[in-house]
Structures are given as C-alpha cells and as structure tokens.
Amino acid sequence: MAVAILALAVVIEATAGFRLGEAQGSIAELGVAIAMIAASVLIFAQFGRSRRLLAALAAFGSVVILWAVNASFSTSLDVAHGGAYGWSGTRVMVLTLFVGPIIGFVAAILTFGFSHLSAFNAAAPKR
C-alpha cells in the first residue's frame, strides 16, 4: 500500500508535473513529499511502542534519501521541459540540504506519534 502511494505520486510528477508548468510541477513535488511522509508512517510505525525512536530515525533517514533522489529527478524533469539550467545545481542543493531534512523531520514526528497507536501496533509482527 505504501509503495503504491509513493509510486503513484512519482508517476504523476513524471507524466504531468513539469509538462504543464512550473506551478503544477511544484504541486506535483508537494504531492510526492506528502506521499513520502504517508509511506514512511505506514511502513515504520508498525515497529510498535518499544521501538518508536528507532522507527522515527528510520523514517527520517529514508525520507531524506528518497527526497534527495527525487530532487535530482524533478530537476532533470524541470530542465528537460524548459526550466533554467543555470539554477539546476542550486535547486538540487536547496531541495536536498534544506527541504529534505524538514520533510524527514515531519515524517519522524508523525511516525513516532502514530507508532504509539494500537491500530498500527496490531499490524506489527508479534515477537
């Protein structure tokens, strides 16, 4: 389920985002960010109450890494569809070093909070 959400967001970004315009590309990137947060919460919140901090750190790391890959991907789409090449390096740097950790921090907080709920713990494998 979580992988399907993430894949759908990336496909929408690749097919429609930057072909329509810069504003639509930014909205598509926002959709990918929300999908990454939702996917990390669905995947890592199942660790349960005893491993909440570990789950939050795993969510943070995975979202930061996925966002860095997405920054390069979306910048190449932006340049391919008429975006300014001169700003592409700066765009990747800002998205990777500033926006990525912010999104990762939000994912970590939500994962830490949701892993405390019994609905997520019921899906976790029993030890």
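Above this note sits the structure.
Notes on the structure follow. (Residues numbered from 1 in each chain as written. Predicted model: local features only at pLDDT ≥ 70, side-chain atom pairs only at ≥ 80, totals over all residues. Heavy atoms only, no water.)

**Digging into the pattern of salt bridges**
All chains considered together, the criterion is met by one salt bridge. Glu29 is the salt-bridge partner of Arg91, the closest N and O atoms lying 2.8 Å from each other. You can see Arg91 sitting in helix α4 (residues 88-114) and its partner Glu29 sitting in helix α2 (residues 22-44), a full 62 residues away along the chain. Each member of the pair, Arg91 together with Glu29, is buried. (Salt bridge = Lys/Arg side-chain N within 4 Å of Asp/Glu carboxyl O. Helix = DSSP H or I, 4+ residues; strand = E, 2+ residues; numbered from the N terminus. Buried < 20%, exposed > 50% of the residue type's maximum accessible area, 1.4 Å probe, protein only.)

**What to know about the packing of α2 against helix α3 (residues 52-80)**
Describing two packed helices takes the angle between their axes plus the distance from one axis to the other. Running from N to C, α2 and α3 cross one another at 155°; their axes reach a closest spacing of 10 Å. The angle between the axes of α2 and α3 places the two elements in the roughly antiparallel class. When the axes of α2 and α3 are compared, the crossing they make is right-handed. Residues Glu29, Val32, Ala33, Met36, Ser40 and Phe44 of α2 pack against Ala55, Ala58, Ala59, Ser62, Val63, Leu66, Trp67, Asn70 and Ser74 of α3. A class-by-class count of the residues in the contact of α2 with α3 yields ten nonpolar, four polar and one charged. (Axes fitted to C-alpha atoms, helices over the stretch in contact; angles between N-to-C directions. Parallel < 35°, antiparallel > 145°, perpendicular 65-115°, else oblique. Left-handed = near helix turned anticlockwise from the far one by under 90°. Contact = heavy atoms within 4.5 Å. Nonpolar A, V, L, I, M, F, W, Y, C, P; charged D, E, K, R; others polar.)

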